[in-house]
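Architecture and fold: a report
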Amino acid sequence: MKTKLNGILTLLLALVVQVAFAQQTVTGKVTDSEGGLFGAVVSVKGGSANTTTDFDGNYSIQANPEDTLVFTYSGYDQVMILVGNQTVINTVMKTSLDQVVVIGYRTTTAVKSSVASSVVTDKTIKNRPNANILQTLSGQVAGLNINTTSGQPGGDSTINLRGIGTINGNGEPLFIIDGAFVDEDNFRSLNPQDIKTVSVLRDAAATAIYGNRGANGVVVIETSQGNFDSPLEVSFNSLTTFTTLQDNDYGMMNSQQLLTLERERGVGFGGGVYQGTGTALTDAEIANAPSNDWREDFFRTGVTQNNTVSLSSGGKNSRQFTSFGYFDQEGILVQSRLKRFNLRTNVSGRTDNDKFNYKLNLTANYSDSQEPNSIGSGAINRNYVLAGFSGVPWLTPNNYTNGAALLSPLLFANTPLFLLDRLQTYNRKVEEIKVVGSLNLNYKITDDISLNSTSGIDYQNAVLTRAEGSNSFNALLFGGGANPTAGFQQGSTVREFTFNQTTSLNYNKVFAEKHSLNVGVYTEYFKAHLRGFNYFANGLDARTFAFGDGSGFVSDQPTNDFFVDTIGADNNNSGLFSYFGSLDYSYDDKYGISGTVRRDASSRFEGDNKWGSFYAVSAFWNIHKENFFGEDSDINFLKLRASYGEVGNQYVNLGNNFGIFGPSAQFTDLGLFRDTFGTGSGYAGLQTVGVSNFGLSGLRWETTKEFNVGLDFEAFESRLRGSLDMYYRDTTDLFTSTNISAVAGTNGYTLPGNFGIMTNKGIDLSVNYDVIRKTEKGGFALTVGAVANVNKNIIRDLNTDDSNSIIGTGREGNRVFEYYTIRYAGVNPANGNLLFLDANGDLTESPNPDTDRVWLNKDLFPEFTGSFTVNMEYKNFYLNTQWNFATGLDRFDNDLANVQDPTSLGQFNVSTDLLDAWTPDNRNTAIPSLDATNINTFASTRYLQSADYLNLRFVTLGYNFDQDVLSKLGVSRLNVFLNAENILTFSKWRGYDPLAQTNGSRGFPTPVQFSIGLELGI
């Protein structure tokens, strides 16, 4: 028995040795035209062995001589190589024209696409310090204008694609994440590190299939997925960011300058007014006065921690991606902060015969946001920015004791002390839970026919709590001695839930090897629900009050009405039902045509206007496939595209909504087609019923008709790559409004309607060029690129009187929101007064506001926008830069107007510009006399400034460690980097934030950001 066992063991050992000697270790490098490819999958065809490449593209795998290695990477042609006796196999992968392109509810390949779309990958999204993904997209897509007007962590950005497309409708694109339609105004709770690609659909050929929601473009976001037949990979990303306040060019005065000028003017502390004696300060007292920069008290260097751990793996028929994220960002303004926690899990799989496929994507997020309110206002007791920018420097924080001490004397100069008190006695935060999920199911009935289902949800529950203590300056000021517990607490809860479900039957067939046909029929159901509750509790007992609960609430007293609380509630619903179809046909991948048609029913309209039809047709011609292109042509790819379509916009926003939170687009101005009534207070405080809305049964959606022609190209071995699109877009039946006579008891209310046409026409350009390609390890590579958009906007067919214009909207045949005001002409050298031009262009000191205002052919929106990039590699180092620019942008610098206002002396700090004011001895100056008789009298172009800019939006310097170093550390990849955002701007704009497209003042500037980070793979 022992002899037999020994024989069996000997045979097994021989077999193992034979297999071991048959297998060999194969190493190599996977590259493309720019260098090593990180994350390329290398597998043995028909076997289980697989691996992925490191940051430099290196790999190692066990294989037999008869095995075939398969090299795959998203967006590249697959490569298969027989192993044979090779132990080193290097391969260069080429960009695939068969890479997937999103075109609405379906996908195609780059070679067959006939739409204008742009794709941004995680390569330029990950490891950026922005809490909001939309801010990261700025400058990365031609025609996509992203306007961020606040430095609040996670703050919302306004987006328009190819110009302003509406007056009172929602002008932002439709956003979709993994098949779920999401709120375009709320990305603060989502983790950008989870995003794999962002596809921006720009023309009607791509967006018409979305019907009455596609007028402003569509942004399709896809999150990361695992890979089939892949071992467990663990990745860790960590980013630490320091944010600081931008500088300005206002030249604010120090205490000595301000006090001296105040003394000369006989106002303020320097003039002795606040001392009660009227005795002016002496030179010695002025010289010894403290000089405080209040920006250091109300702004700070914010610190951000951003950490993400992700795990991905896959077997033969299933794969998963899971990530955990933690983000904590201090804003540069006091009491501004965003803290969030993220969890994402994406699971997908298939059956052995690949007939059934499924994909489940789910993310759950919690955020806690502190956001100061009243920012951008002139509230001296509430806006921290006002104190930081304009607080008098001769006061310091040591002058603050408590709120009661500020009541008498009540001085505007104490503004920074009012706000120091608010920091001690006021708190505000918003807690949010956001869940986005989708389930995609696909069943192949036959090889050519498939049944598909996509369901998506977007749920968000936001809870606002804010309170002001009874011992605060504000409570004491407004409550007075009769109401010693005049603090308040306000709370609001808003829950929004949207659900969409799309079912389709698709037929995909290739005939005779050259004819390709894809036909789809679809139905879609969309429903949105909003539920809200809010209260405002007047009166807080400081002895028992705790922020967020009701322990300190003071009940109403029979002897007064100090503590009457108010409550409110919201209950809104909206929905869509649609059916539509698509057809794509191509011949030999050379010629192709596509078409979509859609019927929508919207709950926002009634009668015949409830249903609408939308459609698009498009075609392509791959010119490079023609015989007249020889094999030695420098042109590798050349495609001509053309499309025409009609899409809609159902979302009206005429400003008739009230509440703490601005509702999502699907909840704005619901029910405008019906008369609605509400209760309120009438004559002598009696309860009454009044009109809330005058219904307009004829209201219908806006319709956008767009023509697009485009050219996609690659040349010189694909060194040069890009696309050029020209478009013409008319938006008809614009959502506009007409004032209603106050006789009807609705003063200030407007009647909605559909009037006017808006035209946008322009050019999109996207181009990249490999100046130097990396030919070997340690070599040098240089790639430059640019995206740009030129857009002209015209409005016409307005519902106007004989003037053919609407002030605040525009005039016939010119740009929308064109400025209309008096023209400023400088300083009168004879007397120091301000000079203006009347309507005829003649100089005057006393223009007529009714007759001398003119249209200026200027507005707030840029005409030429874009960016250019310069990316370099040398050895293991890389340096990437992105510069954004905009021209044709004109803004009113109201902050400059505030600091050049001589009437602010004695109350606020002012600019040193006033030291150059007109005097009989200083007549040639741009600053009027401080005693000018017409200062602050007429609104004019005096502070209308060009805000054209060139901004170094982003720069990163990084290092990827070699594989031999990593093997000693026991990790698969390690990348360390330094980032900077918004660090340098060239502009004539003197204020803090030339990039912000706003005419507001005292706003929260976007910060300068410096980051250090690492990316680790195990």
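Our subject is the structure listed above.
Since we're looking at a predicted model, the values are computed, not measured. (Residues numbered from 1 in each chain as written. Predicted model: local features only at pLDDT ≥ 70, side-chain atom pairs only at ≥ 80, totals over all residues. Heavy atoms only, no water.)

On to the environment of asparagine 254. Mapped onto the secondary structure, asparagine 254 falls in the loop between β18 (230-244) and α4 (255-265). Exposure remark for asparagine 254: the relative accessible area of 31% places this residue in the partly exposed category. With near-sequence residues (within four places) excluded, asparagine 254 lies in contact with Ser291 and Pro393. A distance of 3.2 Å separates the side chain of asparagine 254 from the backbone nitrogen of glutamine 256, its partner in a polar contact. (Helix = DSSP H or I, 4+ residues; strand = E, 2+ residues; numbered from the N terminus. Buried < 20%, exposed > 50% of the residue type's maximum accessible area, 1.4 Å probe, protein only. Contact = heavy atoms within 4.5 Å. Polar contact = N/O pair within 3.5 Å; in protein donor to acceptor, adjacent residues only side chain to side chain.)

As a further point, take the pattern of salt bridges. Tallied over the full model, the rule gives 41 salt bridges. Two residues, arginine 344 and aspartate 194, come together in a salt bridge whose shortest N-O distance is 3.4 Å. With arginine 344 in strand β21 (residues 337-350) and aspartate 194 in the loop between β15 (180-182) and β16 (195-201), this pair connects stretches of sequence that are 150 residues apart. Across the pair, aspartate 194 and arginine 344 agree in class, each one buried. Put simply, lysine 590 and glutamate 626 hold a salt bridge, and the shortest N to O gap is 3.9 Å. Remark: glutamate 626 occurs in the loop between β29 (611-622) and β30 (635-649) and lysine 590 occurs in the loop between β27 (566-587) and β28 (591-602); sequence separation between them is 36 residues. (Salt bridge = Lys/Arg side-chain N within 4 Å of Asp/Glu carboxyl O.)

Turning our attention to the sheet that holds strand β11 (residues 117-121). Here five strands make up an open sheet; going across it, the order is β11-β16-β17-β14-β15 and the pairing mixed. Strand pairing shows two members of the sheet lacking a second neighbour, β11 and β15, which therefore form its edges. Each strand axis lies, on average, 25 degrees off the axis of its neighbour in the sheet, ignoring direction. Relative to β15, strand β14 (residues 174-177) runs antiparallel, the two being bridged by three bridges. Among the inter-strand pairings, isoleucine 176 is bridged to a residue of β15, identified as phenylalanine 181. (Pairing = 2+ DSSP bridges. Axes fitted to C-alpha atoms, helices over the stretch in contact; angles between N-to-C directions.)

A word on unusual backbone geometry. In this structure, proline 409 follows serine 408 across a cis peptide bond, with omega equal to -5 degrees. Positive phi, normally seen in glycine, also occurs at arginine 162, with a value near 60 degrees. Its relative accessible area of 0% is what places arginine 162 among the buried residues. The backbone of glutamate 513 shows a phi angle near 70 degrees, a positive value even though the residue is not glycine. Counting through the fold element by element, glutamate 513 comes out in the loop between β25 (488-511) and β26 (515-538).

Attention shifts here to the sheet that holds strand β4 (residues 50-52). Read from one edge to the other, the open sheet built from four strands follows the order β4-β3-β6-β7, with strand pairing classed as antiparallel. Where the open sheet ends on each side, the last strands, each with one partner, are β4 and β7 (79-82). Across the sheet, the mean angle separating the axes of adjacent strands is 20 degrees when strand polarity is ignored. The sheet contact formed by strand β6 (residues 68-72) and β7 spans four bridges and is antiparallel. Across the sheet, threonine 68 pairs through a bridge with leucine 82, a residue of β7.

Enumeration according to the criterion identifies 32 aromatic pairs in this entry. A ring pair is formed by phenylalanine 181 and phenylalanine 526, whose centres lie 6.2 Å apart and whose planes are at 80 degrees; its orientation type is edge-to-face. Taken together, the residues span a long stretch of sequence, with phenylalanine 181 in strand β15 and phenylalanine 526 in strand β26 at a distance of 345 residues. Geometrically, the ring pair formed by phenylalanine 817 and phenylalanine 861 is tilted, given 6.0 Å between the ring centres and 50 degrees between the ring planes. Within this pair, whereas phenylalanine 817 is found in the loop between β40 (810-811) and β41 (820-821), its partner phenylalanine 861 is found in the loop between β45 (854-855) and β46 (864-874), the two being separated by 44 residues in sequence. An aromatic cluster is built from Tyr105, Tyr210, Tyr522 and Phe580, whose rings are joined through pairwise contacts. One residue, arginine 128, lies across the ring of phenylalanine 954, its end atom 3.9 Å from the ring centre. It is arginine 598 that lies over the ring of phenylalanine 580; its NZ or CZ is 4.5 Å from the centre. (Phe/Tyr/Trp six-rings, centres within 6.5 Å; stacked < 30°, edge-to-face > 60°. Lys NZ or Arg CZ within 6 Å of the ring centre and 35° of its normal.)

Right, let's talk about empty space enclosed by the protein for a bit. According to the stated counting rule, one finds nine cavities of 30 Å³ or more in the structure shown. When its volume is computed, the largest cavity comes out at roughly 490 Å³. Lining the largest cavity we find 38 residues, and of these Gln135, Ser138, Ile146, Thr148 and Arg953 sit closest to its centre. Elements that contribute at least two residues to the lining of the largest cavity include exactly β12 (144-147), β38 (780-796), β46, β47 (877-887), β50 (949-960) and β51 (973-987). (1 Å grid on protein atoms, 1.4 Å probe; cavity = no way out; pocket = protein on both sides within 12 Å on 5 of 7 lines; lining within 4 Å. Points joined across faces, edges and corners; volume = space filled by probe spheres on them.)

Moving on: a negative patch on the surface. A grouping of Glu631, Asp632, Asp634 and Glu717 is seen on the molecular surface, where their side chains present a negatively charged patch. Here aspartate 634 shows up in the loop between β29 and β30. Classification of aspartate 634 as partly exposed rests on a relative accessible area of 48%. (Patch = residues over 30% accessible without salt bridge, like charges linked within 9 Å, V, L, I, M, F, W, Y side chains within 5 Å. Areas by Shrake-Rupley, 256 points an atom, 1.4 Å probe, with all protein chains shown as cover. Lys, Arg positive; Asp, Glu negative; His and termini not counted. Charge placed at Lys NZ, Arg CZ, Asp CG, Glu CD.)

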